[in-house]
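# Report on the structure
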Amino acid sequence: MRARNTMGNANALKIGLFGANCSSGRSATMVPERWSGSWPDCLRLARMADEAGIDFMLPIARWKGYGGASDFHGATLETITWASGLLAATKHMTVFGTVHAPLFHPLIAAKALVTADHIGEGRLGVNLVVGWNEGEFEMFGVEQREHDLRYEFAQEWLDVVKRAWTEPGDFDVEGRFLTLHKVRAFPKPFDDTLPLLMNAGSSKVGEAFALRNCDAFFTATAGSRTSFEGNTKRVADVKAKAATLGRDIEVYTVGQVICRASQQEAEDYYRHAIIENADWGAVESMLTLRNITPQTVSADEYAAKRQYFAASAIGGYPFVGTPDRVARELADLSTAGLRGIALSFVDYLGELPFFCAEVLPQLAHLGVRAQH
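A brief look at the structure comes next. In this text, all values refer to a predicted model and were calculated from it rather than measured experimentally.

### A word on the overall build of the chain
Summing up its helical and strand segments, the chain has 14 helices and 11 strands in all. For 372 residues, the compact-globule estimate of 2.2 N^0.38 gives 21 Å, and the C-alpha radius of gyration of the chain, at 20 Å, lies within 12% of that figure. Along the three orthogonal principal directions, the C-alpha set of the chain runs to about 65 × 50 × 40 Å. For the chain, with 372 residues in total, the buried portion stands at 54%. Here the analysis covers contacts within the chain between residues at least 6 apart in sequence; of these, 75% occur between residues at least 24 apart. For the chain, the exposed area adds up to about 15,500 Å²; of that, 53% sits on carbon and sulfur atoms.

### Digging into the environment of aspartate 71
Topologically, aspartate 71 is positioned in the loop between strand E2 (56–58) and helix H3 (79–89). Between the alpha carbons of aspartate 71 and glycine 281 there is a distance of 9.0 Å; along the sequence they are 210 residues apart.

### Observations concerning the packing of helix H6 (residues 147–166) against helix H7 (residues 204–213)
The interhelical angle for the contact between H6 and H7, taken along N-to-C directions, is 15 degrees, at an axis separation of 10 Å. Classified by the interaxial angle, the pair formed by H6 and H7 is roughly parallel. Judged by the sense of rotation from one axis to the other, the crossing of H6 with H7 is right-handed. For the pair H6 and H7, the contacting residues are His147, Asp148, Tyr151, Ala154, Gln155, Leu158 and Lys162 in the first and Val205, Gly206, Phe209, Arg212 and Asn213 in the second.

### Some thoughts on the packing of aromatic side chains
Per the counting criterion, the structure on display carries 13 aromatic pairs. Between the aromatic rings of tryptophan 63 and phenylalanine 140, the centroid separation amounts to 5.2 Å while the plane-to-plane angle is 85 degrees, which identifies the pairing as edge-to-face. Placement of the pair is tryptophan 63 in the loop between E2 and H3 and phenylalanine 140 in helix H5 (residues 134–140), with a sequence separation of 77 residues. Note on tryptophan 63: relative accessible area 29%, which makes it partly exposed. Judged by its relative accessible area of 37%, phenylalanine 140 is partly exposed. Judged by centre distance (5.7 Å) and plane angle (75 degrees), the ring pair of phenylalanine 345 and phenylalanine 355 falls under edge-to-face. Here the residue phenylalanine 345 occupies a position in the loop between strand E11 (340–344) and helix H13 (348–358), and phenylalanine 355 occupies one in helix H13, the gap between them amounting to 10 residues. On the basis of relative accessibility, which here comes to 1%, the residue phenylalanine 355 falls in the buried class.

### A short note on the nonpolar core
Counting residues in each nonpolar core, the largest one holds 83 residues, and the members touching the most others are Ile15, Trp157, Leu330 and Phe355. Sorting elements by how many residues they give to this core places H6 first, with nine residues. With near-sequence residues (within four places) excluded, isoleucine 15 lies in contact with Ile54, Asp55, Phe56, Leu330, Ile341, Leu343, Phe355, Leu360, Leu363 and Arg369. By size, the runner-up hydrophobic cluster in this structure holds 14 residues, among which are Phe56, Ile60, Phe96 and Tyr252.

### What to know about the pairing of E11
Burial of E11 is extensive: five of the five residues sit out of reach of the surface. Of the two faces of E11, the one holding Gly340, Ala342 and Ser344 and the one holding Ile341 and Leu343 are both buried throughout.

Thresholds applied
- Residues numbered from 1 in each chain as written.
- Predicted model: local features only at pLDDT ≥ 70, side-chain atom pairs only at ≥ 80, totals over all residues.
- Heavy atoms only, no water.
- Helix = DSSP H or I, 4+ residues; strand = E, 2+ residues; numbered from the N terminus.
- Rg over C-alpha atoms; globule rule 2.2 N^0.38 Å.
- Buried < 20%, exposed > 50% of the residue type's maximum accessible area, 1.4 Å probe, protein only.
- Contact = heavy atoms within 4.5 Å.
- Areas by Shrake-Rupley, 256 points an atom, 1.4 Å probe, with all protein chains shown as cover.
- Axes fitted to C-alpha atoms, helices over the stretch in contact; angles between N-to-C directions.
- Parallel < 35°, antiparallel > 145°, perpendicular 65-115°, else oblique.
- Left-handed = near helix turned anticlockwise from the far one by under 90°.
- Phe/Tyr/Trp six-rings, centres within 6.5 Å; stacked < 30°, edge-to-face > 60°.
- Core = buried A, V, L, I, M, F, W, Y, C linked by side-chain atoms within 4.5 Å.

So this is what it looks like as structure tokens:
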């Protein structure tokens, strides 16, 4: 299992790509170079990233877009299928499937994930989510449970998946939510080790679920994000809570990179792509789904939330600057104790080569990644 947790390499800071299975990625922007999310582009990106030493790719489980002029996330690729294809086309990186527990029967999920894991010879990761988007659940005719009950169901669901992965013979389940008889599931995960399991629960109940069950806790806001002390305290707090349960857990976060040869060039593009050409219709749709509207909050709060969602790449810290600046900010996260970060770009294929050529070597020089 240790090889799964380390993603098979010695990099102290794991660097991943986030949201490439969705049109526009993590940038609600109208610029023409915004990410397509198409399979040919995802395949090219995965091969490029794998060759450059990127550690993982993490998809978003999205079933319905947010509208707006760009139809943000209007076209998405299902994540287990996506992961299977990318695992077959790469050699080194971990590729995650992101699974909505309420929308997948646990035995179907267990089988699909094991299949992907064998395709990748042990390089599959699993990002388990309980869901929050009511509009998506309505598409499936599934009623969203009350918040805390979602995690009770997820616990029972995950217990079934893990038993399917580990039980040597048949087993029965008589639970509150699931009743299953004479369950048999073969093969088991590749090389008899379980896939790396990640969760991003932000509430107290969600965090407790992650601490009990997962190898990685994925947080969109690591402490105060821009404060080294805040990040250090946040990571230490998560690890201390896990230790009381006899567990060791790693902390990951998210961000968006706009890296250019000069600071001015990076800031100019950030303002152009993320602010001046934001898809405000999509941003407002996302806020509405979180019950943040001009009717539910003050005008000042709404304006601030609207600006934040656009400027932060939907909750991810923007790393905007020269390779030196971006590398130093990423290295600070590692020093604060974070194990990794999932990054997005406005145009992944167009921007990743510069990032890999200019930022990754500096991270190696700063001691948080091995030379590639």
